[in-house]
Amino acid sequence: MLRVKEVATRLKVHPATVYRWIKDGHLEAVRYGKPQVAGAATRGPGGAIRVPESALAAFTPPPEVEAA
């Protein structure tokens, strides 16, 4: 399992790009770790995001759309 920063380094992109690909469903990832407690004030969903090596091996970056 790879951290987002490690994936970004391997693909030579910014970590925000990796997060966007995960959010848009282009790259498979797993969130685990810190469980959410009902009623507890939390910042974001918590936990860690990891990308399986197999998902990275099968990944093809989506075509980027240029801004006009």
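Heads up: these notes are all about the structure in this document. (Residues numbered from 1 in each chain as written. Predicted model: local features only at pLDDT ≥ 70, side-chain atom pairs only at ≥ 80, totals over all residues. Heavy atoms only, no water.)

1. Description of the overall build of the protein chain
Defined as follows: A run of DSSP states H or I qualifies as a helix once it reaches four residues; a run of E qualifies as a strand once it reaches two. Both are numbered from the N-terminal end. The contact definition used throughout considers only heavy atoms, calling two residues in contact when any of these lie within 4.5 Å. To be clear on the numbers: accessible area is Shrake-Rupley with a 1.4 Å probe, and residue cover counts the displayed protein chains and nothing else.
Along the protein chain, the regular secondary structure elements total three helices and three strands. Going from the N terminus to the C terminus, the protein chain shows its helices and strands as β-α-α-β-β-α. Put simply, of all contacts in the protein chain between residues at least 6 apart along the chain, 46% involve residues at least 24 apart. Per element, the accessible surface of the protein chain, about 5200 Å² overall, is 55% carbon and sulfur.

2. Some details on the sheet that holds strand E1 (residues 2-3)
Keep this limit in mind: Note: two strands are recorded as paired if DSSP finds a minimum of 2 bridges between them.
Strand order in this open sheet of three strands is E1-E3-E2, and the pairing throughout is antiparallel. Two strands close off the open sheet at either side, each with one partner strand: E1 and strand E2 (30-32). Pairing geometry for E2 and strand E3 (residues 48-51), over three bridges, is antiparallel. Across the sheet, the residue bridging to Arg31 is Ile49, located in E3.

3. Describing the packing of aromatic side chains
Quick note on the threshold: In this analysis, rings of Phe, Tyr and Trp, with Trp reduced to its six-membered ring, are considered paired at centre separations within 6.5 Å, and the interplanar angle assigns stacked below 30 degrees, edge-to-face beyond 60, and tilted for intermediate values. Exposure is judged per residue with a 1.4 Å probe applied to protein chains only, and the accessible area is read against the type maximum: over 50% gives exposed, under 20% gives buried, and values in between give partly exposed.
In total, this model carries one aromatic pair according to the counting rule given. With a centroid separation of 4.9 Å and 45 degrees between ring planes, the pair formed by Trp21 and Phe59 is classed as tilted. You can see Trp21 sitting in helix H2 (residues 15-23) and its partner Phe59 sitting in the segment after helix H3 (53-58), a full 38 residues away along the chain. In this pair, the class of Trp21 matches that of Phe59, namely buried.

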